[in-house]
Amino acid sequence: MIKSILSQMLVLVVLINSASAATQKPLKSKTPKADKAFNAAQYYSASAMYKKAYGRTKKPVYKSIAAFKAAECARMMHNNVEAEDFYSKAIAAKYEDPICILRYADALKANGKYAEAIAQYNAYKAKVTGDQTTEAAIKSCEQAQAWKDKPTRHRVDNLTQLNSKYFDFAVAMNPAEKNSVVFTSSREEATGTSNDNWYGEKYYDLFTASQDNNGKWSTPTSFNASLNSENSDGAATFSADGKTIYYTTCPHSKKQNTFCKVMMSTMKDGKWSEPTPFPFNSEAYVTGHPALTTDGKTLFFVSDMPGGNGGKDIYVSRWDDAAATWGTPANAGTAINTEGDELFPYVGRAGKIYYSSNGKPGMGGLDIFSSTYENGVWGEAQNLKSPMNSSGDDFGLFFTGETTGFLSSNREGGVGADDIYNFILPPLNLSVAGKVYDTDTKEPLENALVELFGSDGTSLSVKTGPDGLYRYELKPEVKYKVSASFTGYLTKFEEFTTIGLEEDKDYSFDFDFPLKSTSKPITVPEIFYDLDKSTLRPESKKALDGLITTLNENPTLTIKLTAHTDFRADDAYNMKLSQKRAKSVMDYLTANSIPADRLESEGRGETQPKEVENDEEYAPFKRGDKLTKEFIDGLSDKTLKEKAHQYNRRTEFEVTGTTYVPKN
C-alpha cells in the first residue's frame, strides 16, 4: 500500500525529473518502448528494457541514458541496491545532468553507506552551486551514522513466519480476534490474476494469521473475500469493538487516472458489509492509510488534497454525533507534515501518534516519528532512531503493548521486498551498589544502615553484612537519594537519577560510603587563608559548603570548630591567628543558616601537630606519623617540608553532641 498510494503522486514527479535529466543536446531516443512504459509508470517492464539497452548500446551517451533510466526505475520500485548500481554506471558513462550524482548519493544513503553518500552530496554541491538541500542531507547522514553506531535498546526481529518474497507490511489487530493479525501483502495468493505494472507483482490484499500458545504463526490466508478485490486493498484499522474496519483501496485502470480511497465496512451477523466510501474521498486526490482512535471519534488519514504542505500529509477528521457523519478534515500542521510524504499514522496512548516521513532528517527513506498532542498543538516530531529506523523505508508501526509491537521495513537482510518485523524494548537493568567503610582505617562497617528514597515513593532500608556491601535494584525515570549511617559516624547522603537513561547502568563505584568516625577530630579539607590573614579565600568557602551539607545531613549534631597553624611563628601570634581563623569559619556557617547554638570555635595555634591517620589522604606520609617540629626538621626535601606545614595548617571539627533539638 505504501507503493500504491505513492505511485499516484509520483508519476508526474518522475516525468518532471526525467525532463530535467535530459542531455544538453536533444537526442533521438534509442529506447522508445521503454520510455513509453516508464512514462506510464510501468517500471517493472521499463526496467528490463533499459537494462537490456544498457548491455547492448556501445555509444557512451546512450549508455549513460539507459543506465540512468534503469536506475530511475529501480528508485521508483524502492530497489535501492539496483538503483545505486545503475546510477554509478551512469556516472561512469559520463551522464551529463548532475541530478544523477544527487540520486546516486540518495541511493548510497538508502543503503546505509553514509560516508560514501556524503562524498557524493559534496560532489553534487560542487557542480550545482547554491543548492541548500545537500547541506541538510549531509547533516542527516552524519546523524544517521551516529544513531547507527549507538542504537537504542529496542530489539527488532524479522517475523519470518509471516513474510514472503513479496511485499508484506502494515500490521493491524482486530480486538475481536485474539492472537491474530491483519496485514497487507502482494503474495501469490492475493485476489485476481493481473499484476501491478509498477512492480510486476500481484495487487495487494488483506491477509490474516493467528498465533498459537507456543508462539507459532499459522499460514496467512485471505482476510475476507468481500473486502479483497481486483484492486489493491490494505492498510487497515479497526474500531475498539472490532466491528468496524477502515482500509485503503487503490483502483487501477489503463484508461484513466485513479486515486486511492478510504473505505469502511461493519460486521453484521458474522459478515462484513459491502464497503462504503469515506465521505472525503475524491476523484482528484488520494486518501488512504486510516488510523482510528480507541473511542472511534477521530480518524487520521493520509491525503494530497489541495492546501497541504507538499506531498502526502496527515489529516484529522472528527466524528460529528449530531450530524452522524465525519467532520471536515483538518491538516495536522507543520509540526508533523513536511514538503515530503507523511504516511501510515498510528494512534498511540496519551495523545501520541506515530507515523512515517521522508521529509524530515532521517536514516534513509521513510523513518518512523512520534509526536504528542498537548495544549491543542502537536509537539516537535521525534525520530525513533536505530534500530527502529534503518537506511531503508520504515513504516507501519503498531503497538501490541507498552514496549512491544510490529513495524514494516525493506531494510537489508529481509525476506522479501517489504517485511513485517516485531520489536520489543527490553527492560532497563538499573542498580546502585557500594560499600560502607571507615574512612581512615578502610575497614568495612557491618550493620551499617543504607536507605534508599525515590521520587516515586520508594522507601527501602538494608543493613550491611561483614563485607560492608549493599545493593538495590532501581526503576527508570525516578530521582533517588541513598544514605548510609552507623552509630558513632557521620551520616552521608548521595543523590542521583535514572530519568532519561536509555542504557543499563550500575551505579556501583560511584556510591561507596566512606564514613567519618565522630570519636576524633575531622579535618575539613581545602581551607586556605592568605599569609598572616584570617579572611577566608573563595576556594575555602567552597570546601565549607561541604561542611554545611554534612551538618544538614546530620541535623542532631553539635560541633566545635578548631583552627591550627604551623610552628613558623611565635606561640602567642599563632594562637591569636588561629582563633581568628576559627571564628571566620563559624561566621561563614552561621551566615549560611547553621544555627549558632550548634557551633563553638577555638584556636589552638601550633600546639597540636597533625597525626596522620590515612596514608592516601596525607601522602606521602604514613599512618602514625606526627608532624612535629622535630619530624619536619628531619625531612631533607623542601617540598615535603612545605607539604607537612600545609597539613598542620588545618581546620577541624569535633562532635560535641548528638541530640541537638532546634529552639522554637
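The text that follows walks through the structure, step by step, so that each part is easy to find. Bear in mind that the values here come from a model prediction, so they are computed numbers and not experimental data.

Regarding helix α8 (residues 133–149)
Along its 17 residues, α8 runs 24 Å from first to last C-alpha, staying within 8% of the 24 Å computed at 1.5 Å per residue. Taken together, the buried positions of α8 are Thr134, Ala137, Ile138, Ser140, Cys141, Ala144 and Trp147. The inward-facing, buried residues of α8 abut α6 (99–110), α7 (114–127) and β22 (382–383).

Topic: the sheet that holds strand β23 (residues 394–399)
Taken together, 4 strands build an open sheet; the order of strands is β1-β25-β24-β23 and the sheet is antiparallel. Both outer strands of the open sheet, β1 (155–158) and β23, are each paired with one neighbouring strand and no more. For this sheet, the mean angle separating the axes of adjacent strands, direction not counted, is 25°.

Focus: the nonpolar core
A general feature of soluble globular proteins is that nonpolar side chains tend to end up buried together. One finds Tyr87 and Tyr121 to be the most contacted residues of the largest nonpolar core, which totals 65 residues. At 9 residues, the largest contribution of residues to this core is made by helix α4 (residues 60–76). Once residues within four sequence positions are removed from consideration, Tyr87 is found in contact with Phe68, Ala71, Glu72, Arg75, Cys100, Arg103, Tyr104 and Ala107. With 34 residues, the next largest nonpolar core counts Ala236, Phe238, Tyr354 and Ile368 among its residues.

A look at the sheet that holds strand β34 (residues 522–524)
Here we have 4 strands laid out as an open sheet, ordered β34-β37-β35-β36, and mixed in their pairing. Looking at strand neighbours, the two that pair on one side only are β34 and β36 (599–603), the edges of this open sheet. Between one strand axis and the next, the sheet turns through 30° on average, direction left out of account. Examined bridge by bridge, strand β35 (residues 558–563) and strand β37 (residues 651–657) share 6 bridges and lie antiparallel to one another. In the sheet register, Leu561 faces β37, and the bridge partner there is Phe653. Most of the contacts of helix α10 (residues 571–591) go to β36, to which it runs at about 160°, and overall it touches β35, β36 and β37.

What to know about the packing of helix α9 (residues 538–553) against α10
Relative to each other, α9 and α10 sit at 60°, their axes nearing to 10 Å. Comparing their axes, α10 and α9 come out oblique. Judged by the twist between their axes, the crossing of α9 over α10 is right-handed. Residue-level inspection shows Lys541, Leu544, Asp545, Leu547, Ile548 and Leu551 of α9 in contact with α10, the latter providing Val585, Tyr588 and Leu589. Among the residues forming the contact of α9 with α10, the class breakdown is 7 nonpolar, no polar and 2 charged.

Here's the deal with the packing of α6 against α7
What describes two packed helices is the angle between their axes and the distance between those same axes. As a packed pair, α6 and α7 sit with axes 8 Å apart at the nearest point and diverge in direction by 165°. Put simply, α6 runs roughly antiparallel to α7. Crossing of α6 against α7: the hand is left-handed. On α7, the residues touching Ile99, Ile101, Leu102, Tyr104, Ala105, Asp106, Leu108 and Lys109 of α6 are Tyr114, Glu116, Ala117, Gln120, Tyr121, Ala123, Tyr124 and Lys127. Here the residues of the contact of α6 with α7 are counted per class, giving 11 nonpolar, 1 polar and 4 charged.

Looking at the environment of Lys69
Structurally, the position occupied by Lys69 is in helix α4. Residue classification places Lys69 among the buried residues on the basis of a relative accessible area of 17%. Along the chain, Lys69 and Val81 lie 12 residues apart, while their C-alpha atoms are 15 Å from each other.

Section: the pattern of salt bridges
Enumeration over the complete set of coordinates arrives at 34 salt bridges. Glu84 serves as the salt-bridge partner of Lys113, at 2.8 Å between the closest nitrogen and oxygen. Of this pair, Lys113 sits in the loop between α6 and α7 while Glu84 sits in helix α5 (residues 80–92), and the two are 29 residues apart along the sequence. The partly exposed category is assigned to Lys113, whose relative accessible area is 32%. For Glu84, a relative accessible area of 13% gives the class buried.

Some points on a negative patch on the surface
Taken together, the side chains of Glu477, Glu502, Glu503 and Asp504 present a region of like negative charge at the surface. In this structure, Glu477 sits in the loop between β29 (469–473) and β30 (479–485).

Considerations on the state of the cysteines
One pass over the full model with this rule turns up 1 disulfide. With no disulfide of its own, Cys100 lies 13 Å from the sulfur of Cys73, the closest cysteine sulfur. Cysteine Cys141 is unpaired, with the sulfur of Cys100 as its nearest cysteine sulfur at 17 Å. Look at Cys141 and you get buried, because its relative accessible area is 0%.

A closer look at the packing of aromatic side chains
Considering all chains together, one arrives at 37 aromatic pairs under this definition. Judged by centre distance (4.8 Å) and plane angle (55°), the ring pair of Tyr373 and Trp378 falls under tilted. For Trp378, a relative accessible area of 15% puts it in the buried group. On the basis of an interplanar angle of 45° and a centroid distance of 4.7 Å, the ring pair of Phe496 and Tyr507 is categorised as tilted. With Phe496 in strand β31 (residues 492–497) and Tyr507 in the loop between β32 (505–506) and β33 (513–515), the pair connects residues that are 11 residues apart, well separated along the chain. Accessibility assignment for this pair places Phe496 and Tyr507 in one class, buried. Connected via pairs of aromatic rings, a cluster forms that spans Phe167, Phe169, Tyr204, Phe344 and Phe395. Arg187 extends its terminal NZ or CZ atom over the ring of Phe207, reaching a point 5.6 Å from the ring centre. Geometry around Tyr507 places Lys505 over its ring, the cationic atom sitting 4.9 Å from the centre.

About the cut-offs
Residues numbered from 1 in each chain as written. Predicted model: local features only at pLDDT ≥ 70, side-chain atom pairs only at ≥ 80, totals over all residues. Heavy atoms only, no water. Helix = DSSP H or I, 4+ residues; strand = E, 2+ residues; numbered from the N terminus. Expected span 1.5 Å × (residues − 1). Buried < 20%, exposed > 50% of the residue type's maximum accessible area, 1.4 Å probe, protein only. Contact = heavy atoms within 4.5 Å. Pairing = 2+ DSSP bridges. Axes fitted to C-alpha atoms, helices over the stretch in contact; angles between N-to-C directions. Core = buried A, V, L, I, M, F, W, Y, C linked by side-chain atoms within 4.5 Å. Parallel < 35°, antiparallel > 145°, perpendicular 65-115°, else oblique. Left-handed = near helix turned anticlockwise from the far one by under 90°. Nonpolar A, V, L, I, M, F, W, Y, C, P; charged D, E, K, R; others polar. Salt bridge = Lys/Arg side-chain N within 4 Å of Asp/Glu carboxyl O. Patch = residues over 30% accessible without salt bridge, like charges linked within 9 Å, V, L, I, M, F, W, Y side chains within 5 Å. Areas by Shrake-Rupley, 256 points an atom, 1.4 Å probe, with all protein chains shown as cover. Lys, Arg positive; Asp, Glu negative; His and termini not counted. Charge placed at Lys NZ, Arg CZ, Asp CG, Glu CD. Disulfide = S-S within 2.5 Å. Phe/Tyr/Trp six-rings, centres within 6.5 Å; stacked < 30°, edge-to-face > 60°. Lys NZ or Arg CZ within 6 Å of the ring centre and 35° of its normal.

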